[in-house]
Amino acid sequence: ESWSQTSYTISRAEDLGPDPLKGGIYLPPDSSDLTSERARSDHDRRHRFVAAAEGPIPWGGLRISGVLNLASGAPFNVTTGQDDNLDGIKSDRLSGMGRNTGENTDLDAVNALRTEEGLEPASKLDEPSFAQLDLRLWKPFGWGARKGGGQIFLQVFNVLDRDNYAVIEGR
């Protein structure tokens, strides 16, 4: 017996600031106007595709199962890496730059700062996508009159050996 299933999700998640348990300490540029901080959530991935399947393979009663998880890129803040407003936090954005602009960040502003710092200009910013394949090879077995049983298995996570970044540090 075999089975498979797939799902596709398109979504949008917005919030007024990052999750303090995920992204560290963060203070908005203007604490009296949090509405200007409304933007894509740190974990907003517009497109997600998941496929899962299980079935027998022709050798010795073995079975294989797997899960493929693909997702579009998550946004990130582009920061100066300095404490420009002297609040003690080095997560300041360029003046006028919104939160979590990610690959839609104004490169003119970014490249002006990069030139000041003696760095090469950036031609584009990418929101890294997510891709992970997990596989399990297993053999069920039974014992005794009580119909007991179990399985011996080998699991491999991230078979693609791909770096999948969580929160991007946008300095």
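Quick notes on the rules
- Residues numbered from 1 in each chain as written.
- Predicted model: local features only at pLDDT ≥ 70, side-chain atom pairs only at ≥ 80, totals over all residues.
- Heavy atoms only, no water.
- Buried < 20%, exposed > 50% of the residue type's maximum accessible area, 1.4 Å probe, protein only.
- Helix = DSSP H or I, 4+ residues; strand = E, 2+ residues; numbered from the N terminus.
- Arc of directions from axis to C-beta.
- Polar contact = N/O pair within 3.5 Å; in protein donor to acceptor, adjacent residues only side chain to side chain.
- Contact = heavy atoms within 4.5 Å.
- Pairing = 2+ DSSP bridges.
- pLDDT = per-residue confidence, 0-100.
- Salt bridge = Lys/Arg side-chain N within 4 Å of Asp/Glu carboxyl O.
- Patch = residues over 30% accessible without salt bridge, like charges linked within 9 Å, V, L, I, M, F, W, Y side chains within 5 Å.
- Areas by Shrake-Rupley, 256 points an atom, 1.4 Å probe, with all protein chains shown as cover.
- Axes fitted to C-alpha atoms, helices over the stretch in contact; angles between N-to-C directions.

Student: So what's going on with helix 2 (residues 107–116)? Residues and values would help.
Tutor: Given 3.6 residues per turn, any residue in an α-helix points the same way as the ones three and four places further on. L107, V110, N111 and L113 are the residues of helix 2 that are buried. Taken around the axis of helix 2, the buried residues stretch over an arc of 160°, which confines them to a single face. With respect to the buried face of helix 2, the exposed residues turned more than 90 degrees away are D108, T115 and E116. Structurally, the start of helix 2 carries an N-cap: the backbone nitrogen of D108 is 3.1 Å from a side-chain oxygen of D106. Once helix 2 ends, the next one or two residues include G118, with phi positive near 75°.

Student: Would you mind going over the side chain of E37 in detail, with residue names and values included?
Tutor: Relative to the assigned elements, E37 resides in the loop between helix 1 (20–23) and strand 3 (39–40). Relative accessible area serves as the criterion here: at 2%, E37 is assigned to the buried category. When neighbours within four sequence positions are excluded, E37 is seen to be in contact with D15, L16, Y26, P28, P29, R93 and R99.

Student: Pulling in residues and values, what's your account of the pairing of strand 7 (residues 148–156)?
Tutor: In the sheet, strand 6 (residues 130–143) pairs with strand 7 via 9 bridges, with the strands oriented antiparallel. By the bridge assignment, F141 is partnered in strand 7 with G150. As consecutive antiparallel partners, strand 6 and strand 7 are separated by 4 residues, and within that stretch G144 has a phi angle of approximately 70°, a positive value.

Student: With reference to specific residues and values, describe the confidence of the model for the chain.
Tutor: Across the chain, the average pLDDT comes to 87, with 95% of residues at 70 or higher. Taking the mean pLDDT of every element in the chain, the minimum, 64, falls on helix 1 and the maximum, 98, on strand 1 (residues 3–10).

Student: Please set out the pattern of salt bridges residue by residue, giving values where relevant.
Tutor: Think of it this way: side chains of opposite charge can pair up when their charged atoms draw near. A full pass over the atoms with the stated rule returns 10 salt bridges. Note that R99 is salt-bridged to D42, the shortest N-O span being 4.0 Å. Of the two residues, R99 is situated in the loop between strand 5 (63–71) and helix 2 and D42 in the loop between strand 3 and strand 4 (47–56); the sequence distance between them amounts to 57 residues. Note on accessibility: R99 and D42 belong to one class, buried. The network of salt bridges with shared partners includes R40, D44, R46 and E127.

Student: Which residues make up unusual backbone geometry, and what are the values?
Tutor: One non-glycine residue, N100, lies in positive phi territory at about 55°. Relative to the elements of secondary structure, N100 occurs in the loop between strand 5 and helix 2. Judged by relative accessible area, which is 5%, N100 ranks as buried. In the Ramachandran plot, N158 falls in the positive-phi region, its phi being about 55° despite a non-glycine side chain. Turning to its location among the elements, N158 is positioned in the segment after strand 7.

Student: Can you lay out a nonpolar patch on the surface for me, pointing to particular residues and giving the numbers?
Tutor: Together, I64, L135, L154, V156 and V159 line one region of the surface with nonpolar side chains, adding up to about 360 Å² of accessible area. For L135, the position within the fold is in strand 6.

Student: Break down the sheet that holds strand 1 for me, citing the residues and quoting the values.
Tutor: By way of backbone hydrogen bonds, the strands of a sheet pair with one another, either parallel or antiparallel. In space, the 5 strands of this open sheet follow the order 1-4-5-6-7, with antiparallel pairing throughout. The sheet terminates laterally at strand 1 and strand 7, the two strands that pair on one side only. Recorded for the sheet is a direction-independent mean angle of 15° between the axes of neighbouring strands. When strand 5 meets strand 6, the two strands line up antiparallel, connected through 9 bridges. Bridged to I64 within strand 6 is L137.

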